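# A look at the structure
Below, each chain spelled out in residue letters.
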Amino acid sequence: MRPAAAHHRPTAATQPPPTTPGRHHHPIKAAPQHLSPTPAAPRRQPLPPAAPHHQALTTAAGQQDPRRPRPTPNQRAGRRSASAPTKAVETARARPAGDRRRDFRPDIEGLRAVAVLLVVLGHAGVPGLDGGYVGVDVFFVISGYLITGHLFRELRTTGRIRFAAFYARRMARLLPAAAPATVATVVAAWAWLAPQTARAVSVDAVAAAAYCLNIRLAVQGTDYLDAAREPSPLQHFWSLGVEEQFYFLWPLLLILAATRRRAILLLGSLAAGSFAVSAWQAVATPPWAYFGLQSRAWELAVGGLLALVGRRLPARAAWIGLALIAGCAGQYTGETVFPGWAALLPVLGAALVVAGDGRNRLLGTRVLGWLGRLSYGWYLWHWPALVFAAHFGAGPWTRIAVAGAALLLAWLSLRVVERPLRLRRRGLVLGAATTAVTVGAAVIVLGLPMRVPGEGTARDTAQAVTAQPDPGPALLALIETAARTRLMPRNLTPPVTTAARDTPPEDRACLASLDETTTRTAVARGCDRHGDPDATATVVLFGDSHTEQWFTAVDSIAKRRHWRLAVFTKSGCTPAAVVTTKLGTRRPYRECTAWREDALARIKGLHPTLVLLSSRTYTEAGTDAAWAAALAATADRLAARTVILQDTPDPRGVSVPDCVAAHPAAVDRCALTAETALYPARRAAITTAAATAVIDPASWFCTAEVCPAVVGNTLVYRDGSHVTSTYVRLLTPLLDAALPV
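The model shown is predicted, which means the values in this text are computed figures rather than measured ones.

## Overview of the overall build of the chain
Counting its secondary structure elements, the chain contains 30 helices and eleven strands. Among the 741 residues that make up the chain, the fraction classed as buried is 58%. As displayed, the chain offers around 28,800 Å² of accessible surface, 60% of which is attributable to carbon and sulfur atoms.

Right, here's the structure in full:
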């Protein structure tokens, strides 16, 4: 699913978040291929799963299931005995029940089934359904149609919209299903996932309960140092956030419009503006385009316009609409720029079905009707089930079986939890109670101590290395031993639960953000006055975050050698003279190019004694030879003695602390394969092309075959890309010996 899947192009599930664009941002960024609906956002992006509209996935007001039991005689008598409202209000309250029975459209129920099938099967990795995340867009159109129709009928009949009653109905329909799924996911995360991951899921649960998870996922998708986060099992709740944010505003605007004509004009203008934003952000900032209300509102507005216009199209329109939806699901992938222009086709397809005459034989079948009634619950349960299945290494057929099991959970939830709660509790009371249970479960997990039990006590790595006159052989021996070690030591440093924070205090201060284009902020923060600030000789550390991770060691060396250290580093910005793609976008990283030129000019003005140059191994278009030549070209432009420091081993987005926490008795499963982690062809090309000195730290991390995750009692990596400051600190004497005098 795309950043999650019904909407999630589950990343990333699904997205790739929403995956981080240039990967499609599905709700599930960095998700396993089958979960990337994101190919689920985008969740978050995107495993991104978009949540089918809560109301669109349930039997909504204005779309009453005729099979729903009618009131008993006593219930009807009780209603008649209630205080008599005015005749107009009596009519308003009496008509909906009859209208719902008369106007029930089995084709919309069937369309729900089609949408949820696309999302679930796409997230499960069924071949040919990489674009199944478009099912979320279908849900948005259905939701806009049903809710707007209900609101406008109430406004037209009574002259007002009862907000308390409206939100009570929504809570009664949404929360009895959402609360059990959320609580079960939080508990499962605590039981099966790494402690730090379980805490993140608990925070996601609170955000989901507040209907703002979509905002959290969008922010994460544009945070460079958080971009490699695994897709959340709650990522698919992003679409619920979009819908509730829309329906918080839409009733108010509908009252202001007052008439059908003005409502159509208002909704049409909103749709046009939102689509323009969507088309722009899909390229400029994909995470916000995928998860944001501002770029999704037009899809809900299209459904609302259908309800207000009220015209019906011939029967063939529905078949054309289904063909459009199916074609998009089959042709779109996690790399499709989405939503933007690409979302027009599935939205148009859904609109054609909704605007049809309601007598489509396929959509009206009993099987699709039954599945449509379970679509909301299935959507809620399938994504967590698939994420946990992936955690345990489920294969293709197992994922499909797990998706089927989630349908059983949806059915049980409907029978055992949802229906009883809806019948026995008022909407607002029910909403408050279920929200309290959800948030309470999340808070309990957040309050639990994060401990990962280790086995035995390993030798202190720092002492073993730094105490030796020649630390190289000592470290090599520790790495060789680590390659054969399976147990995580109790004295692991830093602990896996805090590894992400194992950075020096200056870590973020001198790392320019994605949007900065000059080094002025770095200078204002004193980034050119580290080491020995009073020294006459200046050394420069220049590059991206993989350069900046060496700060602890270089700063210590600069103080010992009496160098003034200037640090110019920028997130995701290679010093090589090439154009890359900006993280979280699908456009050239122009800010990097401008910042690089400004940094080169400032470095030349410092007349440095030495420039230490390094870069992450970028895998975008370009041969290894071209990348090596571009890095050498930058070194030549510096007009100073330059040393190129080859990249550290690359975990390729897999969080090493999470892996170690999940396998404390088999940490060797978290070791990196040297052949893939070191990019040997790129390293060889850089060594060949460089006219300056080159330091290759590969032997400080790896044997000939593997790069261990734990060396002695030291955790090597703090995330899925960077080295811990603790490990860099113990490499200080080796780097000092390798640098020219």
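## A closer look at helix 6 (residues 163–192)
In a regular helix each residue adds 1.5 Å, so 30 residues correspond to 44 Å; helix 6 covers 41 Å between its end C-alpha atoms and thus fits that length. The sharpest bend along helix 6 comes to roughly 40 degrees, located at L175, with the proline P176 sitting one to four residues further on.

## A short note on the packing of aromatic side chains
Inspection of the entire model under this criterion finds 18 aromatic pairs. Residues Y290 and F338 carry aromatic rings whose centres are separated by 6.5 Å and whose planes lie at 50 degrees to one another, so their mutual orientation is tilted. With Y290 in helix 11 (residues 286–291) and F338 in the loop between helix 13 (316–331) and helix 14 (344–354), this pair connects stretches of sequence that are 48 residues apart. Accessibility classification places Y290 together with F338 in one group, the buried group. Centroid distance F542 to W595: 6.0 Å. Interplanar angle 35 degrees. Geometry classified as tilted. Note that F542 is positioned in strand 3 (residues 538–543) and W595 in helix 24 (residues 590–606), a separation of 53 residues in sequence.

## Some points on the packing of helix 5 (residues 134–158) against helix 6
Taken N-terminus to C-terminus, the directions of helix 5 and helix 6 make an angle of 150 degrees; their axes are 12 Å apart at the nearest point. If you check the angle between helix 5 and helix 6, you find them roughly antiparallel. The handedness of the crossing between helix 5 and helix 6 comes out as right-handed. Each of I147, H150, L151 and E154 in helix 5 lies in contact with helix 6, whose residues at this interface are F166, R169 and R170.

## Topic: unusual backbone geometry
Cis geometry is adopted by the peptide bond preceding P339, which originates at F338 and carries an omega value of 5 degrees. Counting through the fold element by element, P339 comes out in the loop between helix 13 and helix 14. Across the junction of T493 and P494, the peptide omega takes the value -10 degrees, indicating a cis bond. Take P494: it is sitting in the loop between helix 20 (471–482) and strand 1 (511–512). Here the phi dihedral of A258 falls at roughly 70 degrees; this positive angle occurs in a residue that is not glycine. Following the sequence through the fold, A258 ends up in the loop between helix 9 (238–257) and helix 10 (260–284).

## What about the state of the cysteines?
Applying the stated criterion to the full structure yields four disulfides. With its sulfur 2.1 Å from that of its partner, C510 forms a disulfide with C527. Looking along the S-S bond of the C510-C527 disulfide, the torsion reads about -100 degrees, which is the left-handed sense. Taken as a pair, C510 in the loop between helix 20 and strand 1 and C527 in the loop between helix 21 (520–524) and strand 2 (530–531) lie far apart in primary sequence, 17 residues in all. C527 matches C510 in its accessibility class, with the two residues each being buried. C573 shares a disulfide with C592; S-S distance 2.0 Å. Around the S-S axis, the bridge from C573 to C592 shows a dihedral of about 80 degrees and counts as right-handed.

## Some thoughts on the pairing of strand 6 (residues 642–645)
Here is the key point about a regular strand: its side chains alternate between the two faces of the sheet. Covered by surrounding structure in strand 6 are T642 and I644 together with V643 and L645, the residues of both alternating faces. Where strand 5 (residues 610–614) and strand 6 come together, four bridges link them in parallel fashion. In the sheet register, L612 faces strand 6, and the bridge partner there is V643. Taken together, the three bridges between strand 6 and strand 8 (residues 693–695) define a ladder with parallel strand orientation. In the strand pairing of strand 8, V643 is matched with A693.

## A closer look at a nonpolar patch on the surface
Side chains of W370, L408, L409, W411, L412 and V416 sit close together on the surface and give an oily, nonpolar patch of about 550 Å² of accessible area. The dominant element in the nonpolar patch, judged by the number of residues it contributes, is helix 17 (residues 396–424), at five residues. On the secondary structure map, L409 appears in helix 17. L409 gets classed as partly exposed once you look at its relative accessible area, which sits at 35%.

## Here's the deal with the pattern of salt bridges
Taken as a whole and assessed by the stated rule, the structure comprises 21 salt bridges. In this structure, K582 engages D515 in a salt bridge whose closest nitrogen and oxygen atoms are separated by 2.4 Å. With a gap of 67 residues between them, K582 in the loop between strand 4 (564–570) and helix 24 and D515 in the loop between strand 1 and helix 21 connect regions that are remote in the sequence. With a closest N to O distance of 3.3 Å, K559 and D555 form a salt bridge. Of this pair, K559 and D555 both sit in helix 23 (residues 551–561), four residues apart, roughly one helical turn. Classification of D555 as buried rests on a relative accessible area of 10%.

## Some points on the packing of helix 5 against helix 12 (residues 297–309)
Helix 12 packs onto helix 5 with a crossing angle of 45 degrees between their chain directions and a minimal axis gap of 6 Å. It follows that helix 5 is oblique to helix 12 by the angle criterion. Of the two possible hands of crossing, helix 5 and helix 12 adopt the one that is right-handed. Packed against helix 5, whose contacting residues are D137, F140, V141, S143, G144, Y145, T148, G149 and F152, the element helix 12 presents E299, L300, G303, G304, L306, A307 and L308 at the interface. Across the contact of helix 5 with helix 12, the residue classes tally to eight nonpolar, six polar and two charged.

## Thoughts on the pairing of strand 5
Within strand 5, five of the five residues are buried, which leaves the element mostly enclosed by the surrounding structure. With burial as the criterion, each face of strand 5 is covered, one bearing L610, L612 and S614 and the other bearing V611 and L613.

## Here we look at the environment of G132
Secondary-structure assignment places G132 in the loop between helix 4 (106–123) and helix 5. For G132, a relative accessible area of 0% translates into the label buried. Considering only alpha carbons, one finds G132 and C328, 196 residues apart in sequence, at a separation of 8.0 Å. For G132, the contacting residues outside a window of four places in its chain are L118, V119 and A329.

## Quick word on the environment of W381
Locating W381 in the fold gives a position in helix 16 (residues 375–391). Along the sequence, W381 and L408 sit 27 residues apart, while their C-alpha atoms lie 9.4 Å from each other. Setting aside anything within four residues of it in sequence, one finds W381 in contact with P180, A181, A184, A406, L409, A410 and S413.

## Observations concerning the confidence of the model for the chain
Of the residues in the chain, 83% reach a pLDDT of 70 or more, and the chain-wide mean stands at 83. Confidence drops under a pLDDT of 50 for residues 1–62, and excluding neighbours within four residues, the segment shows 612 contacts in the predicted structure. Per-residue pLDDT stays below 50 along residues 64–98; that stretch engages in 23 contacts with residues further than four places along the chain or on separate chains.

## Quick word on helix 9
In an α-helix, one turn spans 3.6 residues; hence positions three or four apart end up facing the same way. Between its first and last C-alpha, helix 9 extends 29 Å over 20 residues, near the 28 Å set by a 1.5 Å rise per residue. Along its length, helix 9 reaches its greatest deviation from straightness, about 25 degrees, at W250, and the proline P251 lies no more than four positions downstream. Of all 20 residues in helix 9, 14 are buried; the element is thus mostly enclosed. Note on helix 9: the residue one or two positions beyond its end, A258, has a positive phi of about 70 degrees.

Conventions we followed
Residues numbered from 1 in each chain as written. Predicted model: local features only at pLDDT ≥ 70, side-chain atom pairs only at ≥ 80, totals over all residues. Heavy atoms only, no water. Helix = DSSP H or I, 4+ residues; strand = E, 2+ residues; numbered from the N terminus. Buried < 20%, exposed > 50% of the residue type's maximum accessible area, 1.4 Å probe, protein only. Areas by Shrake-Rupley, 256 points an atom, 1.4 Å probe, with all protein chains shown as cover. Expected span 1.5 Å × (residues − 1). Bend = angle between axes of the 7 residues up to and from the residue. Phe/Tyr/Trp six-rings, centres within 6.5 Å; stacked < 30°, edge-to-face > 60°. Axes fitted to C-alpha atoms, helices over the stretch in contact; angles between N-to-C directions. Parallel < 35°, antiparallel > 145°, perpendicular 65-115°, else oblique. Left-handed = near helix turned anticlockwise from the far one by under 90°. Contact = heavy atoms within 4.5 Å. Disulfide = S-S within 2.5 Å. Pairing = 2+ DSSP bridges. Patch = residues over 30% accessible without salt bridge, like charges linked within 9 Å, V, L, I, M, F, W, Y side chains within 5 Å. Salt bridge = Lys/Arg side-chain N within 4 Å of Asp/Glu carboxyl O. Nonpolar A, V, L, I, M, F, W, Y, C, P; charged D, E, K, R; others polar. pLDDT = per-residue confidence, 0-100.

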